[in-house]
Amino acid sequence: MTQEQTQLNNEHLDWLEAESIYIIRELIAQASRPAMLFSGGKDSIVMFHLARKAFRFGARAIRLPFPLLHIDTGHNYSEVIQFRDEIVQQTGADLIVEYVEESIKKGSVKLRKSTDSRNAAQATTLLEAIEKHDFDALMGGARRDEEKARAKERIFSFRDEFGQWDPKAQRPELWNLYNARISKGENMRVFPISNWTELDVWQYIARENLALPSIYYAHQREVVKKNGLLVPVTPITPKGSDETSELLSVRFRTVGDISCTCPVLSEANTPEKIIAETVLSEITERGATRMDDQTSEASMERRKKEGYF
(Lines give C-alpha, C1' and ligand atoms only; values in the text may rest on other atoms or scores of the structure.)
Protein backbone atom coordinates (compact mmCIF):
# COMPACT_ATOMS: atom_id res chain seq x y z
CA MET A 1 0.00 0.00 0.00
CA THR A 2 1.39 3.40 -1.02
CA GLN A 3 1.72 6.34 1.38
CA GLU A 4 -1.09 8.14 -0.49
CA GLN A 5 -3.40 5.12 -0.16
CA THR A 6 -2.59 4.81 3.55
CA GLN A 7 -3.38 8.49 4.11
CA LEU A 8 -6.67 8.19 2.21
CA ASN A 9 -7.63 5.11 4.20
CA ASN A 10 -6.86 6.86 7.50
CA GLU A 11 -8.88 9.92 6.49
CA HIS A 12 -11.83 7.67 5.69
CA LEU A 13 -11.57 5.88 9.04
CA ASP A 14 -11.11 9.20 10.84
CA TRP A 15 -14.37 10.43 9.31
CA LEU A 16 -16.26 7.28 10.31
CA GLU A 17 -14.80 7.42 13.82
CA ALA A 18 -15.78 11.07 14.26
CA GLU A 19 -19.33 10.39 13.04
CA SER A 20 -19.76 7.44 15.41
CA ILE A 21 -18.44 9.38 18.40
CA TYR A 22 -20.83 12.24 17.56
CA ILE A 23 -23.76 9.79 17.44
CA ILE A 24 -22.83 8.26 20.80
CA ARG A 25 -22.44 11.66 22.48
CA GLU A 26 -25.69 12.91 20.92
CA LEU A 27 -27.59 9.95 22.34
CA ILE A 28 -26.12 10.39 25.81
CA ALA A 29 -27.14 14.07 25.71
CA GLN A 30 -30.76 13.18 24.92
CA ALA A 31 -31.42 9.86 26.67
CA SER A 32 -32.00 9.49 30.40
CA ARG A 33 -31.23 5.76 30.76
CA PRO A 34 -29.21 4.45 27.79
CA ALA A 35 -27.22 1.22 27.50
CA MET A 36 -24.90 -0.37 24.95
CA LEU A 37 -25.43 -3.90 23.69
CA PHE A 38 -22.18 -5.80 24.09
CA SER A 39 -21.70 -9.45 23.15
CA GLY A 40 -17.93 -9.60 22.77
CA GLY A 41 -18.25 -9.78 18.98
CA LYS A 42 -16.13 -7.65 16.65
CA ASP A 43 -18.75 -4.95 15.98
CA SER A 44 -19.58 -4.47 19.66
CA ILE A 45 -15.85 -4.35 20.46
CA VAL A 46 -15.35 -1.58 17.88
CA MET A 47 -18.38 0.28 19.24
CA PHE A 48 -17.13 -0.09 22.83
CA HIS A 49 -13.73 1.25 21.78
CA LEU A 50 -15.42 4.24 20.12
CA ALA A 51 -17.46 4.91 23.27
CA ARG A 52 -14.32 4.91 25.40
CA LYS A 53 -12.76 7.42 22.99
CA ALA A 54 -15.92 9.54 23.16
CA PHE A 55 -15.64 9.94 26.93
CA ARG A 56 -11.88 9.99 27.35
CA PHE A 57 -10.64 13.09 29.14
CA GLY A 58 -6.90 13.51 29.57
CA ALA A 59 -5.29 11.00 31.91
CA ARG A 60 -8.47 10.36 33.90
CA ALA A 61 -9.77 6.81 34.16
CA ILE A 62 -12.50 6.26 31.56
CA ARG A 63 -15.91 5.73 33.10
CA LEU A 64 -18.72 5.23 30.61
CA PRO A 65 -22.00 7.00 31.50
CA PHE A 66 -24.03 3.90 30.68
CA PRO A 67 -23.91 0.14 31.33
CA LEU A 68 -23.26 -2.64 28.84
CA LEU A 69 -26.07 -5.10 28.20
CA HIS A 70 -25.75 -8.64 26.84
CA ILE A 71 -28.71 -10.84 25.99
CA ASP A 72 -27.21 -14.28 26.55
CA THR A 73 -28.90 -17.06 24.58
CA GLY A 74 -27.01 -19.79 26.44
CA HIS A 75 -25.88 -21.04 23.02
CA ASN A 76 -22.79 -18.86 22.71
CA TYR A 77 -19.28 -19.78 21.64
CA SER A 78 -17.22 -20.06 24.83
CA GLU A 79 -14.33 -18.08 23.32
CA VAL A 80 -16.58 -15.05 22.89
CA ILE A 81 -18.08 -15.16 26.39
CA GLN A 82 -14.62 -15.52 27.92
CA PHE A 83 -13.38 -12.55 25.90
CA ARG A 84 -16.43 -10.49 26.90
CA ASP A 85 -15.72 -11.08 30.58
CA GLU A 86 -12.02 -10.28 30.17
CA ILE A 87 -12.80 -6.93 28.50
CA VAL A 88 -15.22 -5.99 31.28
CA GLN A 89 -12.70 -6.93 33.95
CA GLN A 90 -9.89 -5.01 32.26
CA THR A 91 -11.89 -1.81 31.70
CA GLY A 92 -14.12 -1.78 34.78
CA ALA A 93 -17.25 -1.36 32.65
CA ASP A 94 -20.65 -2.15 34.14
CA LEU A 95 -22.11 -5.26 32.49
CA ILE A 96 -25.70 -6.44 32.79
CA VAL A 97 -26.43 -9.93 31.49
CA GLU A 98 -29.98 -11.14 30.91
CA TYR A 99 -30.58 -14.74 29.90
CA VAL A 100 -32.96 -16.26 27.36
CA GLU A 101 -32.99 -19.32 29.64
CA GLU A 102 -34.76 -17.24 32.31
CA SER A 103 -37.41 -16.23 29.77
CA ILE A 104 -37.87 -19.91 28.90
CA LYS A 105 -38.26 -20.85 32.58
CA LYS A 106 -40.99 -18.29 33.19
CA GLY A 107 -42.81 -19.17 29.97
CA SER A 108 -42.43 -15.96 27.96
CA VAL A 109 -40.26 -17.88 25.44
CA LYS A 110 -41.36 -21.28 24.19
CA LEU A 111 -39.19 -23.58 22.07
CA ARG A 112 -40.05 -26.95 20.54
CA LYS A 113 -36.84 -28.56 21.77
CA SER A 114 -33.72 -27.56 23.70
CA THR A 115 -31.51 -27.43 20.59
CA ASP A 116 -33.80 -24.99 18.69
CA SER A 117 -32.20 -21.70 17.70
CA ARG A 118 -32.57 -19.08 20.42
CA ASN A 119 -31.54 -16.21 18.18
CA ALA A 120 -35.05 -14.89 17.47
CA ALA A 121 -36.01 -15.57 21.11
CA GLN A 122 -33.57 -12.82 22.13
CA ALA A 123 -36.21 -10.25 21.16
CA THR A 124 -38.46 -11.29 24.05
CA THR A 125 -35.63 -11.28 26.58
CA LEU A 126 -34.43 -7.93 25.24
CA LEU A 127 -37.86 -6.34 25.69
CA GLU A 128 -38.04 -7.78 29.21
CA ALA A 129 -34.60 -6.31 29.98
CA ILE A 130 -35.66 -2.89 28.69
CA GLU A 131 -38.70 -2.93 30.99
CA LYS A 132 -36.78 -4.34 33.98
CA HIS A 133 -33.97 -1.76 33.84
CA ASP A 134 -36.08 1.11 32.48
CA PHE A 135 -33.81 1.67 29.47
CA ASP A 136 -35.03 4.35 27.07
CA ALA A 137 -32.32 3.81 24.45
CA LEU A 138 -30.01 1.01 23.37
CA MET A 139 -26.92 1.28 21.18
CA GLY A 140 -26.04 -1.64 18.94
CA GLY A 141 -23.40 -2.57 16.38
CA ALA A 142 -25.71 -3.26 13.43
CA ARG A 143 -24.50 -1.98 10.05
CA ARG A 144 -26.37 -1.15 6.86
CA ASP A 145 -24.17 -3.33 4.66
CA GLU A 146 -25.15 -6.49 6.56
CA GLU A 147 -28.71 -6.99 5.40
CA LYS A 148 -31.56 -5.35 3.45
CA ALA A 149 -33.75 -4.49 6.44
CA ARG A 150 -30.82 -2.88 8.23
CA ALA A 151 -29.94 -0.93 5.09
CA LYS A 152 -33.19 1.04 5.22
CA GLU A 153 -33.26 1.61 8.99
CA ARG A 154 -32.39 5.01 10.43
CA ILE A 155 -29.42 5.53 12.79
CA PHE A 156 -31.87 6.59 15.53
CA SER A 157 -34.55 3.92 15.14
CA PHE A 158 -37.83 4.51 16.98
CA ARG A 159 -39.60 1.54 18.58
CA ASP A 160 -43.14 1.73 19.95
CA GLU A 161 -44.38 0.60 23.37
CA PHE A 162 -44.37 -3.00 22.12
CA GLY A 163 -40.75 -2.76 20.93
CA GLN A 164 -41.85 -2.91 17.32
CA TRP A 165 -40.22 -1.17 14.36
CA ASP A 166 -42.34 0.33 11.58
CA PRO A 167 -40.15 0.98 8.50
CA LYS A 168 -42.83 3.34 7.12
CA ALA A 169 -42.82 5.55 10.21
CA GLN A 170 -39.16 6.47 10.57
CA ARG A 171 -37.97 9.89 11.65
CA PRO A 172 -36.05 12.13 9.23
CA GLU A 173 -32.34 12.64 9.95
CA LEU A 174 -31.57 15.72 7.87
CA TRP A 175 -28.15 17.32 8.37
CA ASN A 176 -27.24 14.65 10.94
CA LEU A 177 -29.82 15.99 13.38
CA TYR A 178 -31.18 13.17 15.54
CA ASN A 179 -34.42 13.12 17.49
CA ALA A 180 -34.49 10.77 20.50
CA ARG A 181 -37.69 12.15 22.05
CA ILE A 182 -40.02 9.38 23.17
CA SER A 183 -43.02 8.86 25.41
CA LYS A 184 -43.12 6.55 28.41
CA GLY A 185 -42.73 2.92 27.36
CA GLU A 186 -41.27 3.72 23.96
CA ASN A 187 -37.63 3.08 23.07
CA MET A 188 -34.84 4.14 20.74
CA ARG A 189 -32.39 1.77 19.09
CA VAL A 190 -29.26 3.60 17.96
CA PHE A 191 -26.59 2.35 15.54
CA PRO A 192 -23.33 4.35 15.82
CA ILE A 193 -21.51 2.28 13.17
CA SER A 194 -24.45 1.99 10.78
CA ASN A 195 -22.48 3.61 7.93
CA TRP A 196 -19.46 1.33 8.33
CA THR A 197 -18.84 -1.71 6.14
CA GLU A 198 -17.26 -5.01 7.10
CA LEU A 199 -14.08 -3.80 5.39
CA ASP A 200 -14.13 -0.55 7.40
CA VAL A 201 -14.47 -2.53 10.64
CA TRP A 202 -11.47 -4.72 9.88
CA GLN A 203 -9.35 -1.79 8.73
CA TYR A 204 -10.21 0.00 11.97
CA ILE A 205 -9.41 -3.10 14.04
CA ALA A 206 -6.02 -3.27 12.32
CA ARG A 207 -5.31 0.46 12.76
CA GLU A 208 -6.37 0.58 16.41
CA ASN A 209 -4.78 -2.81 17.18
CA LEU A 210 -7.95 -4.10 18.81
CA ALA A 211 -7.97 -7.57 20.38
CA LEU A 212 -10.73 -9.99 19.30
CA PRO A 213 -11.91 -13.47 20.28
CA SER A 214 -9.71 -16.10 18.64
CA ILE A 215 -12.53 -17.58 16.53
CA TYR A 216 -12.43 -14.52 14.24
CA TYR A 217 -9.10 -15.81 12.95
CA ALA A 218 -8.27 -19.01 11.08
CA HIS A 219 -8.36 -22.15 13.20
CA GLN A 220 -9.13 -25.84 12.81
CA ARG A 221 -12.77 -26.83 13.41
CA GLU A 222 -14.92 -29.87 12.71
CA VAL A 223 -17.74 -28.93 10.34
CA VAL A 224 -20.43 -30.50 8.16
CA LYS A 225 -21.14 -29.08 4.69
CA LYS A 226 -24.86 -28.40 4.52
CA ASN A 227 -26.90 -26.18 2.16
CA GLY A 228 -23.79 -24.29 1.09
CA LEU A 229 -22.76 -23.55 4.68
CA LEU A 230 -20.14 -25.03 7.01
CA VAL A 231 -22.12 -26.09 10.08
CA PRO A 232 -19.89 -26.57 13.17
CA VAL A 233 -20.20 -29.88 14.99
CA THR A 234 -21.22 -29.02 18.57
CA PRO A 235 -23.55 -30.48 21.21
CA ILE A 236 -26.16 -27.98 19.99
CA THR A 237 -25.58 -28.71 16.29
CA PRO A 238 -24.56 -32.40 16.31
CA LYS A 239 -23.58 -34.34 13.23
CA GLY A 240 -26.41 -36.43 11.78
CA SER A 241 -25.99 -40.18 11.44
CA ASP A 242 -25.95 -39.84 7.65
CA GLU A 243 -23.61 -36.85 7.57
CA THR A 244 -19.84 -36.70 7.11
CA SER A 245 -17.76 -34.14 8.97
CA GLU A 246 -14.40 -32.62 8.04
CA LEU A 247 -11.66 -30.84 9.97
CA LEU A 248 -11.09 -27.60 8.07
CA SER A 249 -9.30 -24.29 8.50
CA VAL A 250 -12.08 -21.75 9.09
CA ARG A 251 -12.83 -18.40 10.70
CA PHE A 252 -16.03 -16.63 11.73
CA ARG A 253 -17.03 -13.46 9.89
CA THR A 254 -19.84 -12.82 12.36
CA VAL A 255 -20.59 -14.49 15.68
CA GLY A 256 -24.01 -15.20 17.16
CA ASP A 257 -26.05 -18.11 18.44
CA ILE A 258 -24.22 -21.42 17.78
CA SER A 259 -27.39 -22.88 16.28
CA CYS A 260 -27.42 -20.43 13.36
CA THR A 261 -23.87 -19.06 12.91
CA CYS A 262 -21.41 -20.76 10.58
CA PRO A 263 -17.74 -20.10 9.76
CA VAL A 264 -16.17 -19.72 6.31
CA LEU A 265 -13.12 -21.39 4.82
CA SER A 266 -10.06 -19.27 5.53
CA GLU A 267 -6.34 -19.29 6.21
CA ALA A 268 -6.36 -15.65 7.37
CA ASN A 269 -4.88 -15.35 10.84
CA THR A 270 -4.22 -11.58 10.99
CA PRO A 271 -6.41 -8.48 10.40
CA GLU A 272 -4.35 -7.63 7.31
CA LYS A 273 -5.01 -11.05 5.74
CA ILE A 274 -8.71 -10.80 6.60
CA ILE A 275 -8.83 -7.36 4.96
CA ALA A 276 -7.39 -8.92 1.79
CA GLU A 277 -10.10 -11.62 1.86
CA THR A 278 -12.88 -9.13 2.59
CA VAL A 279 -11.94 -6.97 -0.42
CA LEU A 280 -12.55 -9.97 -2.69
CA SER A 281 -15.72 -11.24 -0.99
CA GLU A 282 -18.94 -10.99 -3.02
CA ILE A 283 -21.31 -12.16 -0.25
CA THR A 284 -22.18 -10.21 2.89
CA GLU A 285 -21.05 -11.69 6.18
CA ARG A 286 -24.59 -12.57 7.22
CA GLY A 287 -25.41 -13.99 3.80
CA ALA A 288 -22.36 -16.24 3.95
CA THR A 289 -22.73 -17.42 7.53
CA ARG A 290 -26.22 -17.06 9.01
CA MET A 291 -28.73 -19.88 8.70
CA ASP A 292 -31.52 -17.78 10.26
CA ASP A 293 -31.33 -15.20 7.44
CA GLN A 294 -31.69 -17.83 4.73
CA THR A 295 -35.27 -18.78 5.58
CA SER A 296 -36.53 -15.84 3.46
CA GLU A 297 -35.44 -12.41 2.27
CA ALA A 298 -37.79 -10.84 4.83
CA SER A 299 -36.46 -12.77 7.84
CA MET A 300 -34.60 -9.87 9.44
CA GLU A 301 -37.34 -7.30 8.80
CA ARG A 302 -39.94 -9.61 10.32
CA ARG A 303 -37.82 -10.12 13.44
CA LYS A 304 -37.23 -6.37 13.77
CA LYS A 305 -40.96 -5.71 13.63
CA GLU A 306 -41.29 -8.15 16.53
CA GLY A 307 -38.70 -6.32 18.65
CA TYR A 308 -35.39 -7.82 17.50
CA PHE A 309 -32.45 -5.44 17.46
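Description of the pairing of strand β9 (residues 245-251)
Among the 7 residues in β9, 5 count as buried, and that is most of the element. Bridging between strand β7 (residues 219-226) and β9 involves 6 bridges; their strand directions are antiparallel. Paired with Arg221 across the strands is Leu248, a residue of β9. Pairing of β9 with strand β10 (residues 264-265) involves 2 bridges; the strand directions are antiparallel. Directly across from Val250, in β10, lies its bridge partner Leu265.

Brief notes about a nonpolar patch on the surface
Taken together, Tyr22, Leu174, Trp175 and Leu177 make up a surface patch of nonpolar side chains, about 520 Å² in accessible area. Under the relative-accessibility criterion, Tyr22 is labelled partly exposed at 35%.

Here we look at the pattern of salt bridges
By the definition in use, this model includes 21 salt bridges. Taking the shortest distance from any N to any O, the salt bridge between Glu246 and Lys225 comes out at 3.6 Å. Highlighted residues: Glu246 in strand β9 and Lys225 in strand β7, separated in sequence by 21 residues. Among the residues examined, Glu246 registers a relative accessible area of 33% and is labelled partly exposed. A cluster of three or more residues bridged by salt bridges with shared partners is formed by Asp14, Glu17, Lys53, Arg207 and Glu208.

Quick word on unusual backbone geometry
Residues apart from glycine generally show negative phi values, whereas peptide bonds are mostly found in trans. Of note, Asn209 is a non-glycine position whose phi angle comes to about 55°, a positive value. You can see Asn209 is positioned in the loop between α7 (198-208) and β7. Unlike most non-glycine residues, Asn227 shows phi in positive territory, near 55°. Structurally, Asn227 can be placed in the loop between β7 and β8 (229-232).

Observations regarding the environment of Ile236
Structurally, Ile236 is set in the loop between β8 and β9. It is 7.6 Å that separates the C-alpha atoms of Ile236 and His75, two residues lying 161 residues apart in sequence.

Details of the side chain of His75
Tracing the backbone shows His75 in the loop between β2 (68-72) and α3 (78-91). Separated by 3.5 Å, the side chains of His75 and Arg118 make a polar contact.

Definitions and limits used
Residues numbered from 1 in each chain as written. Predicted model: local features only at pLDDT ≥ 70, side-chain atom pairs only at ≥ 80, totals over all residues. Heavy atoms only, no water. Buried < 20%, exposed > 50% of the residue type's maximum accessible area, 1.4 Å probe, protein only. Helix = DSSP H or I, 4+ residues; strand = E, 2+ residues; numbered from the N terminus. Pairing = 2+ DSSP bridges. Patch = residues over 30% accessible without salt bridge, like charges linked within 9 Å, V, L, I, M, F, W, Y side chains within 5 Å. Areas by Shrake-Rupley, 256 points an atom, 1.4 Å probe, with all protein chains shown as cover. Salt bridge = Lys/Arg side-chain N within 4 Å of Asp/Glu carboxyl O. Polar contact = N/O pair within 3.5 Å; in protein donor to acceptor, adjacent residues only side chain to side chain.

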